[in-house]
Amino acid sequence: MAPRKPDNMTSAERTALYRTLAHPLRGRILQYLGKHGEANSATLAEVLGESTGSTSYHLRKLAELGLITEIAEKSAGRERWWRSLPFEHTTPDPATMEPAEYAAAEHLGRLKAGHDIDLYLRAVREWAGPDGWAQVQRTGTYMAKSQVREFVEEYKALLARYSFSREDAPADAKPMSVRLFAVPDKPA
């Protein structure tokens, strides 16, 4: 499958994407490449405690979905080097999803939610005041539906304004996990 823009993906392609992202080893490979920039199957096998055959297979599957790409100038013979590609995806309206796509997206969402809870608890434990690295912000407010969309767009712009790519990050920068979710309160 050739890499496609996320907004032009078919339901079947999104289903494959969600299943790929939910796969534990593929997630660990993407996380490693995101932090370290590049790797080959032997490096990943050693770091992740897997066989090179397994990491090589999963690297190819990630490349098929356009999540990573081979670094041609470093690859030679059977030794292929890989790097992650920038990727942003917004899950479509669940009402428009095919059943298999919805099931795959829901499974991935549950996995992400568990990780997000762990991040939140870690942020609470590591909070060292307003000047520390870990920060927690929770707010209750009132917004009109149009304001929620505008708020999310401004949030994305703000995040882009204060973020660096791994290659451009200053020496004192750290990889940060930042999450936003906004949901109306349930009626009393």
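A few points on the structure.

### Considerations on the overall build of the chain
Here comes step 1: The helix and strand inventory of the chain stands at six helices and three strands.
Here comes step 2: Counting only C-alpha atoms, the chain reaches 60 × 45 × 30 Å along its principal axes.
Here comes step 3: Buried positions account for 24% of the 188 residues belonging to the chain.
Here comes step 4: Of the accessible surface of the chain, which amounts to about 13900 Å², a share of 54% is contributed by carbon and sulfur atoms.
Here comes step 5: Of the charged side chains in the chain, 26 are positive and 25 negative, and the gap between their average positions amounts to 3 Å.

### A few points about the side chain of T20
Here comes step 1: You can see T20 is positioned in helix α1 (residues 11–22).
Here comes step 2: The residues touching T20, leaving out its near neighbours within four places in the chain, are R26, L62, L65 and L67.

### Description of the side chain of R14
Here comes step 1: Counting through the fold element by element, R14 comes out in helix α1.
Here comes step 2: A polar contact of 2.4 Å, which involves the side chain of R14, links it to the side chain of E101.
Here comes step 3: Setting aside its immediate chain neighbours within four residues, R14 contacts M9, H89, P92 and E101.

### Here's the deal with α1
Here comes step 1: When the terminal C-alpha atoms of α1 are compared, their 16 Å separation across twelve residues agrees well with the 16 Å that a helix rising 1.5 Å per residue should span.
Here comes step 2: Restricting attention to buried positions, one finds in α1 the residues S11, E13, R14, T15, L17, Y18, T20 and A22.
Here comes step 3: If you follow the buried residues of α1, they end up packed against α2 (24–36), α4 (52–64) and α5 (99–126).

### Focus on a nonpolar patch on the surface
Here comes step 1: Where nonpolar side chains cluster on the molecular surface, the patch consists of I117, Y120, L121, V124 and V136 and spans about 410 Å² of accessible area.
Here comes step 2: On the accessibility criterion, V124 (44% relative accessible area) is partly exposed.

### Quick look at the packing of α1 against α5
Here comes step 1: One way to put it is that α1 packs onto α5 with a least axis distance of 8 Å and a crossing angle of 25 degrees. Regarding the angle of α1 to α5, the classification is roughly parallel. Both α1 and α5 take part in a crossing whose hand is left-handed. Side by side, α1 and α5 meet where S11, R14, T15, Y18, R19, L21 and A22 of the first sit next to A100, E101, A104, A105, H107, L108 and L111 of the second.

### Overview of the nonpolar core
Here comes step 1: Formed by 22 residues in total, the largest nonpolar core has its most connected members in Y18, I29, L44, L59 and I68.
Here comes step 2: Those elements that provide at least two residues to this core are α1, α2, α3 (41–48), α4 and α5.
Here comes step 3: Counting residues per element, this core draws most heavily on α2, which supplies five residues.
Here comes step 4: Here L59 is in contact with I29, L33, N40, S41, L44, I68 and W82, once residues within four sequence places are set aside.

### As for the packing of α3 against α4
Here comes step 1: Relative orientation of the contacting elements α3 and α4 amounts to 120 degrees, with a least axis distance of 8 Å. Crossing angle aside, the handedness with which α3 passes α4 is right-handed. Residues S41, A42, L44 and A45 of α3 lie in contact with α4, whose contacting residues are T52, T55, S56 and L59.
Here comes step 2: Looking at the contact of α3 with α4 residue by residue, the classes come out as four nonpolar, four polar and no charged.

### A word on the pairing of strand β3 (residues 81–84)
Here comes step 1: In this sheet, β3 lies alongside strand β1 (residues 38–40) in antiparallel orientation, the contact comprising three bridges. The residue of β3 that forms the bridge with N40 is W81.
Here comes step 2: Examined bridge by bridge, strand β2 (residues 68–70) and β3 share three bridges and lie antiparallel to one another. By the bridge assignment for β3, T69 is matched with R83.

Calculation criteria
Residues numbered from 1 in each chain as written. Predicted model: local features only at pLDDT ≥ 70, side-chain atom pairs only at ≥ 80, totals over all residues. Heavy atoms only, no water. Helix = DSSP H or I, 4+ residues; strand = E, 2+ residues; numbered from the N terminus. Buried < 20%, exposed > 50% of the residue type's maximum accessible area, 1.4 Å probe, protein only. Areas by Shrake-Rupley, 256 points an atom, 1.4 Å probe, with all protein chains shown as cover. Lys, Arg positive; Asp, Glu negative; His and termini not counted. Charge placed at Lys NZ, Arg CZ, Asp CG, Glu CD. Contact = heavy atoms within 4.5 Å. Polar contact = N/O pair within 3.5 Å; in protein donor to acceptor, adjacent residues only side chain to side chain. Expected span 1.5 Å × (residues − 1). Patch = residues over 30% accessible without salt bridge, like charges linked within 9 Å, V, L, I, M, F, W, Y side chains within 5 Å. Salt bridge = Lys/Arg side-chain N within 4 Å of Asp/Glu carboxyl O. Axes fitted to C-alpha atoms, helices over the stretch in contact; angles between N-to-C directions. Parallel < 35°, antiparallel > 145°, perpendicular 65-115°, else oblique. Left-handed = near helix turned anticlockwise from the far one by under 90°. Core = buried A, V, L, I, M, F, W, Y, C linked by side-chain atoms within 4.5 Å. Nonpolar A, V, L, I, M, F, W, Y, C, P; charged D, E, K, R; others polar. Pairing = 2+ DSSP bridges.

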